[in-house]
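Here is what each chain is made of, one letter per residue.
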Amino acid sequence: MPTPESQSPNAINNNIRIAPSVMCADLCNLEKDIQLLEKSGIDLLHFDLMDAHFVPNMPIGLALIEQLRDKTDCEFDIHLMVDNNDFFVEAVAKIGVQQIAVHAESAIHLDRTLSVIEGYDIKAGVALNPATPLSALTYVVDRLDFVLIMTVNPGFAGQKLVPATLQKISDCRAYLDKQGVNLPIEVDGNVSFENIPKMVAVGADILVGGSSSVFQKSGSRTENVQRIHQAISLGLEDRGV
Ligand code: DX5
Ligand code: ZN
């Protein structure tokens, strides 16, 4: 158990965790960027693995994740946006990652894929596109360690929040409470300084910071992470904590 002084600054912020989206980082100086982020006090690194089929993009690949594994002690948070989930689960499990989210929309055998992830002692999550109802979680909720709510349509950085997803985060929190499970909700897409208070207020616990926060051009990594902490505090006030 880390001692208080060694805990990340987020311990102050009610354990709301910050997960920078690596596809938004400076990919030509990635090792340096990640070291900067680590110094800024982030909690885990979010890797978007896309196959250019489930979504029409492919910003990073397996070799990049493998090479970065030895460069940082940060937890790796893998977001699979692929058709062949089982192939990529095996591939990243071999690299050494701490959590994997698979899309309900691409998983033909979702229950089995989640059990394979569990078998590697890796935290398992389901990612839901903005339009996908929470009922997709019904028969797998006991296999989950977290839920990933997409607040934009997956595949690209720099998009605007889908407005209905704020209500969806709140509904997801209520749904999980009703199921009697206290799982973290990860939110991904336009997690901006403006949107963070609203997202945290309705139940977001893990914030995927991309182009509109961690990597916002107007500030340094450290300044942006500090602004995120301020935004989290605002959200926690609204949450009543
Ligand atoms: C999009 C990815 C996100 C994306 C976030 O499919 O899952 O992680 O990089 O980028 P922003 O924060 O710019 O929306
Ligand atoms: Zn993502």
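Here the structure is a predicted model, which is why all the values come from computation and not from measurement. (Residues numbered from 1 in each chain as written. Chains lettered and ligands numbered in written order. Predicted model: local features only at pLDDT ≥ 70, side-chain atom pairs only at ≥ 80, totals over all residues. Heavy atoms only, no water.)

S.K.: An account of the sheet that holds strand β3 (residues 75-81) is needed here, citing residue identities and associated values.
M.R.: Judged by pairing direction, the sheet is parallel, and its eight strands sit side by side in the order β1-β8-β7-β6-β5-β4-β3-β2 without closing on themselves. The outermost strands of the open sheet, each flanked by one partner alone, are β1 (17-20) and β2 (44-50). Within the sheet, the average angular offset between the axes of one strand and its neighbour, ignoring direction, is 25°. When strand β6 (residues 146-150) meets strand β7 (residues 185-188), the two strands line up parallel, connected through four bridges. Of the residues in β7, the one forming a bridge with Leu148 is Glu186. (Pairing = 2+ DSSP bridges. Helix = DSSP H or I, 4+ residues; strand = E, 2+ residues; numbered from the N terminus. Axes fitted to C-alpha atoms, helices over the stretch in contact; angles between N-to-C directions.)

S.K.: Let's hear about the site of ligand 1: which residues, and what values?
M.R.: Residues in close proximity to ligand 1 total 20 residues, the closest being Gly155, Gly158, Asp188, Asn190 and Ser211. In this structure, an oxygen atom belonging to ligand 1 sits 2.9 Å away from a side-chain N or O atom of Ser21. One of the backbone N or O atoms of Gly210 is found 3.5 Å from an oxygen atom in ligand 1. The cavity that encloses ligand 1 is the largest pocket. At the level of secondary structure, the elements contributing two or more residues to the shell around ligand 1 comprise β2 and β3. Take the shell around ligand 1: its biggest share by element is three residues, from β2. For the shell around ligand 1, the residue count by class is nine nonpolar, nine polar and two charged. (Near = heavy atom within 4 Å. Polar contact = N/O pair within 3.5 Å; in protein donor to acceptor, adjacent residues only side chain to side chain. 1 Å grid on protein atoms, 1.4 Å probe; cavity = no way out; pocket = protein on both sides within 12 Å on 5 of 7 lines; lining within 4 Å. Sits in = over half its atoms within 2 Å of the grid points. Nonpolar A, V, L, I, M, F, W, Y, C, P; charged D, E, K, R; others polar.)

S.K.: Any chance you could break down the coordination of the zinc ion (ligand 2) for me, citing the residues and the numbers?
M.R.: For the zinc ion (ligand 2), every protein donor is listed as His46 (NE2), Asp48 (OD), His79 (ND1) and Asp188 (OD), and the spread of their distances is 2.0 to 2.3 Å. Note that the zinc ion (ligand 2) binds six donor atoms; their angles at the metal cover 67 to 173°, and the shape is octahedral. Mapped onto the sequence, the donors of the zinc ion (ligand 2) take the spacing H-x1-D-x30-H-x108-D. Note that His46 is positioned in strand β2 and His79 in strand β3, a separation of 33 residues in sequence. Residue classification places His46 among the buried residues on the basis of a relative accessible area of 0%. (Donors = N, O, S within 2.8 Å, 3.2 Å for Na, K, Ca; no water. Tetrahedral: all angles 85-135°; square planar, octahedral: opposite > 155°, others 65-115°. Buried < 20%, exposed > 50% of the residue type's maximum accessible area, 1.4 Å probe, protein only.)

S.K.: Got a sec to walk through the pattern of salt bridges? Specific residues and values, please.
M.R.: A side chain with one charge can pair with a side chain of the opposite charge if their charged atoms come near. In this structure the tally under the stated criterion is six salt bridges. Arg221 is the partner of Asp33 in a salt bridge, and the nearest nitrogen-oxygen pair spans 2.7 Å. Taken as a pair, Asp33 in helix α1 (residues 30-40) and Arg221 in helix α7 (residues 221-239) lie far apart in primary sequence, 188 residues in all. Neither residue differs from the other here; Asp33 and Arg221 are each classed as buried. For Arg143, the salt bridge goes to Glu118, with nearest N and O atoms at 2.8 Å. Placement of Arg143 in the loop between β5 (123-128) and β6 and of Glu118 in helix α4 (residues 110-119) is noted, with a sequence separation of 25 residues between them. Bridged by salt links that share partners, the residues Asp111, Glu118 and Arg143 form one connected network. (Salt bridge = Lys/Arg side-chain N within 4 Å of Asp/Glu carboxyl O.)

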